[in-house]
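Listed here are the chains, written in short residue letters.
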Amino acid sequence: MSDYVPVKRLFLLPDQSYFLFGPRGTGKSTLVRNSYPDATYINLLLVKERMHYEANPNRLLEVVRAQPKGSVIVIDEIQKVPELLPLVHVLIEEKQGWTFVLTGSSSRKLKREGVDLLGGRALRKTLHPFIAAELGDRFDFQEVLQYGLLPLRYGSSDPSDMLASYVALYLEEEVRSEGLIRLIEPFSHFLETLSFSHGSLFNLSNIARECAVKRATADNWLSIVQDLLIVYTIPVFKRRAKRGLVAQSKLYFFDVGVYRSLRPKSILDAVSEMEGSALEGLVAQHLRAWVGYTKQEHTLHFWRTKSGLEVDFVVFGEMGLWAIEVKNSATVSSKDLKGLIHFHEDYPEATLILLYRGQERLLKNKVLCLPCDEFLQEVIPNQVLPSHSNAD
């Protein structure tokens, strides 16, 4: 896909000041430049500009106060100079109608410096990788399952090499440059080990043992990759719980292409195992984007009982309750439906969906079975997720 064509994002621009976080390469700078062509733009990735504001943060007051009322001020990579945030706070309190768009690929430095994220005066939003609905006809399911949806990789003639370079860049520029750890090699091994937990219940003690480090060290490293937005966790769904549930969360990398790039491969690997984890992660990042971009409040979970009954994803909120199971197979068996049917016993109002690699839409025992690629294209922010009525 070397002839890259700009993609219209489904992210809704807030009508007030906001933070726009997101991993590197998700298109934050492109989005704000296209959305606010007349904005005053401060790019802290540029060394010269960053040095100006590090030496004299109060310069921001002079620049903004020279703008007309109602102007938009974009500060790109705000975490590079966290001393600017208190000044943004002052300017917002002056109530001159200025809108601040503050982008960042990490909130860790802001938190480490003890900076208050404007005390609720600015919304906190996240820009995710592309979703199928944004790509439209350019969505290639097999290619996406292999290389992911990171905007940065579109336009590359060698996406595999680009993703490997992306991971190395993150380690070098985001981790080493900010002094987050002393030695990059053990941390790199930690990331590789973490990739085996993608889509699984997460046990930090086991990972610490595998990496031969103290649990406290592994906990600190995990907080780093979470703050850098490389991984995220989803909790178990506990509302009105009628059964004993597991306590652990499930962990995912933010993009399936990044996961595949990090995951060590060997001749001993079962192809279906990595494919299944990749497929589940691809669904997870679509659902996470849908939750993040949809105006109504929703949360993303999974469901697993202590006896082993499981549903991969539960989406709960104002628009409904969905239980979604993902199977990396071309057929649907009665065994595949077991977790969903038991979930329905506890939550009869839930819409039950099974995603698989087949081509037919089926309705089995109140479970809507959908081709996974078809479902992903129907995950559209601010629209209801697929349901039985959509299948009629």
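Going along each chain's sequence as written, the residues are numbered from 1 onward. Residues qualify for local features only when their pLDDT is at least 70, as the model is predicted, and side-chain atom pairs are given and counted only at 80 or more; totals for whole chains, interfaces and linings, by contrast, use all residues. Think of the side-chain values as coming from all heavy atoms in the structure, minus any hydrogens and water.

### Some remarks on the sheet that holds strand E13 (residues 362-364)
And then number 1: Spatial ordering of the open sheet is given by E9-E10-E11-E12-E14-E13, a layout of six strands whose pairing is mixed. Edge strands, defined here as strands with exactly one partner in the open sheet, are strand E9 (298-304) and E13. Within the sheet, the average angular offset between the axes of one strand and its neighbour, ignoring direction, is 25 degrees.
And then number 2: Note on pairing: DSSP must find at least two bridges between two strands before they are called paired. Only runs of H or I of at least four residues qualify as helices and only runs of E of at least two qualify as strands under DSSP, and these elements are numbered from the N terminus. The pairing of strand E10 (residues 310-317) with strand E11 (residues 320-326) spans five bridges and is antiparallel. Considered in E11, the bridge of Val 315 is made with Trp 322. Axes, fitted as lines to C-alpha atoms, cover a helix only where it is in contact. Angles between the N-to-C directions of the axes lie from 0 to 180 degrees.

### A closer look at helix H1 (residues 28-35)
And then number 1: Within the sequence span of H1, burial applies to Lys 28, Leu 31 and Val 32. Buried residues in H1, looked at end-on, bunch into an arc of 90 degrees, giving them a common side. Exposed residues pointing more than 90 degrees away from the buried face of H1 are listed as Thr 30 and Asn 34.
And then number 2: Between two residues, a contact is recorded if the distance between any of their heavy atoms is within 4.5 Å. The elements touched by buried residues of H1 are strand E1 (18-21), strand E2 (40-43), strand E3 (72-76) and strand E4 (99-104). Accessibility here uses a 1.4 Å probe with only protein chains present; expressed as a share of the type maximum, an area under 20% marks a residue as buried, one over 50% as exposed, and anything in between as partly exposed. An arc is given here, and it is the one of the directions from the helix axis to the C-beta atoms.

### So, the nonpolar core
And then number 1: By size, the foremost hydrophobic cluster in this structure holds 93 residues, and its most contacted members are Phe 187, Leu 194, Phe 313 and Phe 343.
And then number 2: Broken down by element, the residue count for this core peaks at nine residues, all from helix H13 (residues 271-293).
And then number 3: Not counting the four nearest positions on each side in its chain, Phe 343 is found in contact with Phe 237, Trp 303, Val 311, Val 314, Leu 321, Ala 323, Ala 350 and Leu 352.
And then number 4: What is meant by a nonpolar core is a set of buried Ala, Val, Leu, Ile, Met, Phe, Trp, Tyr and Cys residues, joined one to another through side-chain atoms within 4.5 Å. In this structure, Leu 44, Leu 61, Val 81 and Leu 91 belong to the second largest nonpolar core, which totals 24 residues.

### Brief notes about the environment of Val 311
And then number 1: With respect to the helices, strands and loops of the structure, Val 311 is situated in strand E10.
And then number 2: Classification of Val 311 as buried rests on a relative accessible area of 0%.
And then number 3: Separated by 13 residues in the primary sequence, Val 311 and Ile 324 place their C-alpha atoms 6.4 Å from one another.
And then number 4: Those residues in contact with Val 311, other than ones at most four positions away along the chain, are Phe 302, Trp 303, Ala 323, Ile 324, Glu 325, Gly 339, Leu 340 and Phe 343.

### Describing the pairing of E3
And then number 1: For E3, a buried count of five out of five residues is recorded, marking the element as mostly surrounded by other parts of the structure.
And then number 2: By the alternation rule, side chains of E3 split into Val 72, Val 74 and Asp 76 and Ile 73 and Ile 75, which are all buried.
And then number 3: One ladder, built from four bridges, connects E2 with E3; its direction is parallel. Counterpart to Asn 43 in the pairing with E3 is Asp 76.
And then number 4: In this sheet, E4 lies alongside E3 in parallel orientation, the contact comprising four bridges.

### Digging into the environment of Thr 331
And then number 1: Structurally, Thr 331 can be placed in the loop between E11 and helix H14 (338-346).
And then number 2: If we skip the residues at most four places from it in the chain, Thr 331 touches Asp 336 and Tyr 356.

### Some words on the pattern of salt bridges
And then number 1: By convention in these notes, a salt bridge is any Lys or Arg side-chain nitrogen within 4 Å of a carboxyl oxygen on Asp or Glu. Taken as a whole and judged by the stated rule, the model has 14 salt bridges.
And then number 2: We note a salt bridge from Glu 143 to Arg 153, for which the minimum N-O separation is 3.3 Å. In this pair, Glu 143 sits in helix H7 (residues 141-147) while Arg 153 sits in the loop between H7 and helix H8 (159-176), placing the two residues 10 residues apart along the sequence.
And then number 3: The shortest N-O distance in the salt bridge between Asp 346 and Arg 243 comes to 2.8 Å. Of this pair, Asp 346 sits in helix H14 while Arg 243 sits in the loop between strand E7 (231-234) and strand E8 (250-253), and the two are 103 residues apart along the sequence.
And then number 4: When salt bridges with common partners are traced through the structure, they connect Lys 250, Glu 280, Arg 304, Glu 310 and Asp 312 into a single cluster.

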